[in-house]
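What follows is each chain in one-letter form.
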Amino acid sequence: MGDEFFQRQPLLGAQDQEPDDIEFSTRVRNGSAVKLDLPQDDRGTQTHFPKEKWKTFVAIVFVLVGFLSTTVSLGITHELRPDKAKPLPDLVLDHIPYYAVALDISEILIMVTTFICAIVVICHKHRWILLRRICLIVGLLYMYRAVTMLVTNLPSADENYKCDPKLNTTLSSVQVVQRVVKIMSGFGLSINGQHVYCGDFIFSGHTMILVLCYLTICEYTPKSFWPLQWFSFVLCCGGVVALMLARGHYSVDIILAYFITTRLFYIQHTVISFSQLQQKGSTIQNHLAKMWWWRILVWFEQNIRQPVPNEFEIPRPWRYFFRNARQAAAQAATAATTAATRTRRDPARDI
């Protein structure tokens, strides 16, 4: 009886407890307070990847402007190039054989790599996001290339490549537009016979596309796709080697194309991966925000809160047509039922 009396007594007296030490809670069990800190459930916002198709349309316009700028620059550079000058000394080109057919091989490899990259993007579950990112970096590369090949004109690396003769008169805007249309009709490739203007050396557009397709395939495919990644790497290297065997570009053109393409790609995806680099303020010293295209990238990615998972699906555009048709039919049936209910006569009024 005595032991039971002492077991029921509190360990501390009422006078030893400070009022500030008592923590109250709405959950009380057996005289003890329990405080539970439950994390907020925001999984719905973390896994949401909005398509934002109108932003993708803006990105497509951006890349078209970039492609237009580089074709205009080529149309002007063709008149500025030293057409009678000998090729410049090149440490690599001077020690490898020359094959004219290698240029066609290089462009065939470009088309194959571009086709594989396009299939990866189209079959990706978040294709609209990928398309925005690719259009942004391609537009930037075309704009930078338009500047570099216009300010520095190099003689042709291949003396056997046939270029259109230079005009004897001043180049007019109409003639520039005609050249732009001809270049764009052939997608900037020589294999279809539409690329007859020379001077687009610094930097190599062929290398730019090959490297960018390889980086895109590796970035947006899982590790289990390693055979495809290695295959794209072989295509990239083979296209560059064939380009040099054909004297399509100087070695410096290829080196600059690799450096500019990879650095732009790495900077873009680093900003995408870290939300701190998408902020600009007095407390954050973000030097990447000084780039003129940083605001465009942040605007494209402002609603993408998590890394885009590499998930694939077979695109079925017809299902959207049938879904919209079913929704329209259901809305029409609902409207007809509502109209019939409103016009139905009440029998009680005839009594």
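Nothing here was measured: the structure is a model prediction, and the numbers come from that model.

Engineer: How should I be thinking about the overall build of the protein in this particular structure?
Structural biologist: Across its full length, the protein carries eleven helices and two strands. Ordered by position from N to C terminus, the α and β elements of the protein give α-β-β-α-α-α-α-α-α-α-α-α-α. For the protein, the residues scored as buried account for 35% of the 351 residues in total. Sequence-distant contacts in the protein: of pairs separated by 6 or more residues, those separated by 24 or more amount to 84%. Split by element, the accessible area of the protein, about 22500 Å² in all, is 63% carbon and sulfur.

Engineer: What is the right way to look at the environment of alanine 289 in this model?
Structural biologist: Position of alanine 289 relative to the elements: it lies in the loop between helix H9 (251-273) and helix H10 (294-301). Separated by eleven residues in the primary sequence, alanine 289 and glutamine 278 place their C-alpha atoms 7.7 Å from one another. Beyond its immediate stretch of four places on either side in the chain, alanine 289 contacts Lys280 and Trp294.

Engineer: What should I look at first to understand unusual backbone geometry in this one?
Structural biologist: Among all residues save glycine, negative phi is the norm, and among peptide bonds the norm is trans. In the segment running from isoleucine 202 into phenylalanine 203, the intervening peptide bond is cis, with an omega of 0°. With respect to the helices and strands, the residue phenylalanine 203 is situated in the loop between helix H6 (173-185) and helix H7 (205-219). Even without being glycine, glutamate 52 reaches a positive phi, approximately 50°. Structurally, glutamate 52 can be placed in the loop between helix H2 (43-46) and helix H3 (53-80). Its identity as a non-glycine residue notwithstanding, arginine 247 has a phi of 60°, on the positive side. By secondary structure assignment, the location of arginine 247 is in the loop between helix H8 (226-245) and H9. Arginine 247 gets classed as buried once you look at its relative accessible area, which sits at 13%.

Engineer: Can you help me understand the state of the cysteines in this one?
Structural biologist: Covalently bonding the sulfur atom of one cysteine to the sulfur atom of another cysteine gives a disulfide. The tally for this structure, following the rule as stated, stands at one disulfide. Between cysteine 163 and cysteine 198 runs a disulfide, and the two sulfur atoms are separated by 1.6 Å. Its S-S torsion of about -80° marks the bond between cysteine 163 and cysteine 198 as left-handed, since a negative value means left-handed. One end of the pair, cysteine 163, is in the loop between helix H5 (127-151) and H6; the other, cysteine 198, is in the loop between H6 and H7, and 35 residues separate them in sequence. Note on cysteine 163: relative accessible area 24%, which makes it partly exposed. The cysteine cysteine 213 is free of any disulfide, with cysteine 117 supplying the nearest cysteine sulfur at 4.3 Å. The buried category is assigned to cysteine 213, whose relative accessible area is 7%.

Engineer: Sorry, what's going on with the packing of aromatic side chains here?
Structural biologist: Ring pairs (aromatic) are described by centroid distance and by the angle formed between their planes. Applying the stated criterion to the full structure yields nine aromatic pairs. An angle of 65° between the planes, with centres 5.2 Å apart, marks the rings of phenylalanine 67 and tyrosine 142 as edge-to-face. Separated by 75 residues along the polypeptide, phenylalanine 67 in helix H3 and tyrosine 142 in helix H5 bring together distant segments of the chain. Of the residues examined, tyrosine 142 reaches a relative accessible area of 14% and is grouped as buried. Taken together through their ring pairs, the aromatic side chains of Trp54, Trp299 and Phe300 make up a single cluster.

Engineer: Would you take a moment to explain H5 for this structure?
Structural biologist: What sets the pattern is the α-helix's 3.6 residues per turn: residues three or four places apart point alike. If you check H5, its first and last C-alpha atoms are 36 Å apart, about what 25 residues at 1.5 Å a residue would give, namely 36 Å. With respect to burial, H5 is a largely interior element, 18 of its 25 residues being buried.

Calculation notes
- Residues numbered from 1 in each chain as written.
- Predicted model: local features only at pLDDT ≥ 70, side-chain atom pairs only at ≥ 80, totals over all residues.
- Heavy atoms only, no water.
- Helix = DSSP H or I, 4+ residues; strand = E, 2+ residues; numbered from the N terminus.
- Buried < 20%, exposed > 50% of the residue type's maximum accessible area, 1.4 Å probe, protein only.
- Contact = heavy atoms within 4.5 Å.
- Areas by Shrake-Rupley, 256 points an atom, 1.4 Å probe, with all protein chains shown as cover.
- Disulfide = S-S within 2.5 Å.
- Phe/Tyr/Trp six-rings, centres within 6.5 Å; stacked < 30°, edge-to-face > 60°.
- Expected span 1.5 Å × (residues − 1).

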